[in-house]
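Take a look at the letters that make up each chain.
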Amino acid sequence: MGATSNVGVAGHGAGGAGGGAGAPARDESAPPGRDRAPTSAPRPFGALFWTAVAAVGVTYVRALAFTPVEALQGPAQKIFYLHAPAAFTALYLAFALMAISSVLYLWLRDPKLDRVAACSAEVGLAFTTVVLITGPLWAKPVWGTWWSGDARLTATLFLWLIILGYLVMRQAVEDRELRARYSAVLAILAGLLVPFIHLTVYLFRTLHPQPIVLKPSAPSMPAEMAVTFALAFVAFALLFVALLRARYRLALAAEAREEADGSGGPN
Amino acid sequence: MPPRDAGYAYAAYVAAALIYAGYALSIWWRWRRVARRSTRGPGAP
Amino acid sequence: MTPVREMPGTAGAAWTIARKDLMVELRTRVAFLAAAVFAVLAAAIFFYAWDPTAVSALDLAPGVLWVIFTFSGLLALNRSFGAELTDRAIDALLVAPISREAVFLGKALANLIFVLGVLVVTVPAVVLFYNVSMSWSAVAALAGVVVLAAVGLVSVGTLFSAMAVNTRLAELLLPTIALPFLVPVVTSAAQATVLVMGGRPGSGVWEWIKLLTAFDLVFVAACTLAYPFTIER
């Protein structure tokens, strides 16, 4: 297999928006049609992505303009239409998919499963980042402090660090098969770790004197808010699927390129 | 007394949009770089 | 049994590997001295960065102890599989007619004894610097917490050390992937230490010790089972 690809992983693998060092920035002078013609790899963004963008757009408009302001928390409560779906998606879609496909990888040894795990980790990092930014933006006006040590938010911070470590490790292993095995092991252990982190932060809070805070639970929500919430969950889940598919296609293209110029490459 | 300041909510909505859009752009940007390089054949810098 | 060299059982093989690692360490003493000196130095630095009029010793000492534990532990673990890279010594271990689980348990056992050795230096250093007075029962409770925490650190640390040495980042990677896993260990150990050192053990300590024990059971088993997957077949 592609064990001897020495090209480095600058464009491939993780790294979020920053990307890698890799090739020097090239200007956009090449005629656009030439770019993609010979690659059989499908383009990353299709109808699914634009549907997701539209759904998120509708969610934004409905949440900001057509959903009533909550009496107790004021406008800040609207942050939950972003925060809760992002948290749900990060933990129960991205992280769960990462752990499950890792278990399956060690069993079936199908490179597809490793790719799914890696891609959902990276997309999950984006959603976790949103959770970590919107959480304090809600806590500041409502609780009066940016970071209150709230159990769920603290657990999310550690989840974010775990995913980051996973992606850093993927960058550091060049052999594809070894990388897949190491990543699967790390992801499975991370799956076992999450309940312990939740227990730890929960115990830490219950055994410590803490200020009594407003719990963001809403048992009896007006119908208008509930509809916005449901819409937001669907829209962001759709966005996750679309981004995951795009990232998967990027991984396919990067692997195809790596194989194409693997042996004769520089370095 | 409920906080009346909507600035935090708008900041959160803008920040989330920037993160999602930035991530999508990073996928697009990386894909283009990969696609362009593969047209130049093996050994391209 | 006749003196014919049979295939050793898992426990026997693990002990042989652990003894080999400890023997090397006993003859060189490089890593242990480095870790012990680091621990005492760190305790001294924390001491001189401390304003006793602002923070009481009992509030600070447990945190200092477990921060030093974390970093001296990582220092010790880095060396564990790094040593096996020289002349590909790990290959000899892996072709030996013993199970991979035994290799892992042996390495982990050696690391556990090493980390406990460093803690034997660290705990008295912190107790002396911060002038903590403890009853004998508190000392016994603290010793129990120390052993449980060391088992937790060593189980994940040994596995990640085995993986990290084969990556391009080598020892730089270990803290990145291991530290999130140490959050439950260090938090429980530090919180239990706060209660024990303050002389108010009670049910709170048991909650933390239960969490530590559960972590140890789950991760010793999981890491032992996962180790063979990190080895090339």
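Every residue gets a number counted from 1 within its own chain, in the order that chain's sequence is written. Lettering for chains starts from A, numbering for ligands starts from 1, and both go in the order in which the items are written. Residue-level local features of this predicted model are given only where pLDDT is at least 70; pairs of side-chain atoms are given and counted only at 80 or more, and the full residue set underlies all totals for whole chains, interfaces and linings.

Peer 1: Could you give an account of the overall build of chain C, naming the residues involved and the relevant values?
Peer 2: Helix and strand definitions here come from DSSP, where helices need a minimum of 4 consecutive H or I residues and strands a minimum of 2 consecutive E residues; each element is numbered from the N-terminal end. Counting its secondary structure elements, chain C contains eight helices and zero strands. Counting from the amino terminus, helix and strand elements in chain C follow one another as α-α-α-α-α-α-α-α. Throughout, radius of gyration means the C-alpha value; the globule benchmark is 2.2 Å times the number of residues raised to the power 0.38. Computed over C-alpha atoms, the radius of gyration of chain C comes to 19 Å, within 12% of the 17 Å expected from 2.2 N^0.38 for 233 residues, which places it in the range of a compact globule. For chain C, the spread of C-alpha atoms along the principal axes amounts to about 65 × 35 × 35 Å. Exposed residues have 12 or fewer other C-beta atoms within 10 Å of their own C-beta, buried residues have 20 or more, and partly exposed residues fall in between, where C-beta atoms are placed from the backbone. Among the 233 residues that make up chain C, the fraction classed as buried is 45%. With C-beta atoms placed from the backbone, a contact is any residue pair whose C-beta atoms sit within 7 Å. For chain C, restricting intrachain contacts to residue pairs at least 6 apart in sequence, the fraction spanning at least 24 positions comes to 85%.

Peer 1: Summarise the environment of V186 of chain C; cite the residues concerned and give the values.
Peer 2: Residue and element names in this part refer to chain C. With respect to the helices, strands and loops of the structure, V186 is situated in helix 7 (residues 173-197). Overall, the presence of 21 C-beta atoms within 10 Å leaves V186 in the buried class. When the C-alpha positions of V186 and R79 are compared, they lie 21 Å apart, and in sequence the two are 107 residues distant. Residues contacting V186, with those up to four places away along its chain left out, are W66 and T70.

Peer 1: Kindly report on the interface of chain C and chain A, identifying the contributing residues and their values.
Peer 2: Interface size is often expressed as the accessible area that is lost when the parts come together. Tallying the contact residues gives 25 residues for chain C and 25 residues for chain A. Among the elements of the structure, helix 6 (136-164), helix 7 and helix 8 (203-230) of chain C are those that each provide at least two residues to the side of chain C that touches chain A. The residue makeup of the side of chain C that touches chain A, split by class, is 16 nonpolar, seven polar and two charged. Three residue categories are used. Nonpolar comprises Ala, Val, Leu, Ile, Met, Phe, Trp, Tyr, Cys and Pro, charged comprises Asp, Glu, Lys and Arg, and polar comprises the others, including Gly.

Peer 1: Break down the packing of helix 3 (residues 57-85) of chain C against helix 5 (residues 100-129) of chain C for me, citing the residues and quoting the values.
Peer 2: Residue and element names in this part refer to chain C. At a minimum axis distance of 9 Å, the contact between helix 3 and helix 5 shows a crossing angle of 145 degrees. The hand of the helix 3/helix 5 crossing is right-handed. Facing helix 3, whose interface residues are A61, V64, L65, I68, F69, S72, G73, A76, L77 and S80, helix 5 presents K107, N111, F114, V115, V118, L119, T122, V123 and V126. Here an axis means a line fitted to C-alpha atoms, over the contact stretch when the element is a helix, while the angle between two N-to-C directions is reported on a 0 to 180 degree scale. Crossings are assigned a handedness: left-handed for a near helix turned anticlockwise from the far helix by less than a right angle, right-handed for a clockwise turn.

Peer 1: Which residues make up helix 3 of chain C, and what values do they have?
Peer 2: Owing to its 3.6 residues per turn, the α-helix brings residues three or four apart onto one side. Expected span of a helix: the number of residues minus one, times 1.5 Å. End to end, helix 3 of chain C covers 43 Å across 29 residues, agreeing with the expected 42 Å (1.5 Å per residue, within 8%). Positive phi shows up at D87 of chain C, right after helix 3 of chain C, with a value of about 55 degrees.

Peer 1: Run through unusual backbone geometry, naming residues and quoting values.
Peer 2: One non-glycine residue, R109 of chain A, lies in the positive phi region at around 55 degrees. Relative to the helices and strands, R109 of chain A resides in the loop between helix 2 (80-108) and helix 3 (111-143). Phi is positive for N131 of chain C, which is not a glycine, with a value near 55 degrees. The topology assignment puts N131 of chain C in the loop between helix 5 and helix 6.

Peer 1: With reference to specific residues and values, describe the environment of R249 of chain A.
Peer 2: With respect to the helices and strands, the residue R249 of chain A is situated in helix 6 (residues 223-260). A sequence separation of 83 residues divides R249 of chain A from Y166 of chain A, and the C-alpha atoms of the two residues are 20 Å apart.

Peer 1: An account of the confidence of the model for chain C is needed here, citing residue identities and associated values.
Peer 2: Values of pLDDT, the confidence the predictor places in each residue, fall between 0 and 100. The share of residues in chain C with pLDDT of 70 or more is 97%, and the mean pLDDT across the chain is 89. The complex model carries a pTM of 0.85, and its ipTM stands at 0.91.

Peer 1: Talk me through the packing of helix 6 of chain C against helix 8 of chain C; I want residue IDs and the actual numbers.
Peer 2: Residues and elements named next belong to chain C. As a packed pair, helix 6 and helix 8 sit with axes 9 Å apart at the nearest point and diverge in direction by 25 degrees. For the element pair helix 6 / helix 8, the angle class is roughly parallel. The element helix 6 and its partner helix 8 pack so that their crossing is left-handed. Residues A141, V145, L148, A149, V151, G152, S155, V156, T158, L159, A162 and M163 of helix 6 form the contact with helix 8, whose participating residues are V205, I209, L212, T213, F215, D216, F219, V220, C223, A226, Y227 and T230. In the contact of helix 6 with helix 8, the residues fall into 18 nonpolar, five polar and one charged. Note on terminology: angles under 35 degrees are roughly parallel, angles over 145 are roughly antiparallel, angles of 65 to 115 are roughly perpendicular, and the others are oblique.

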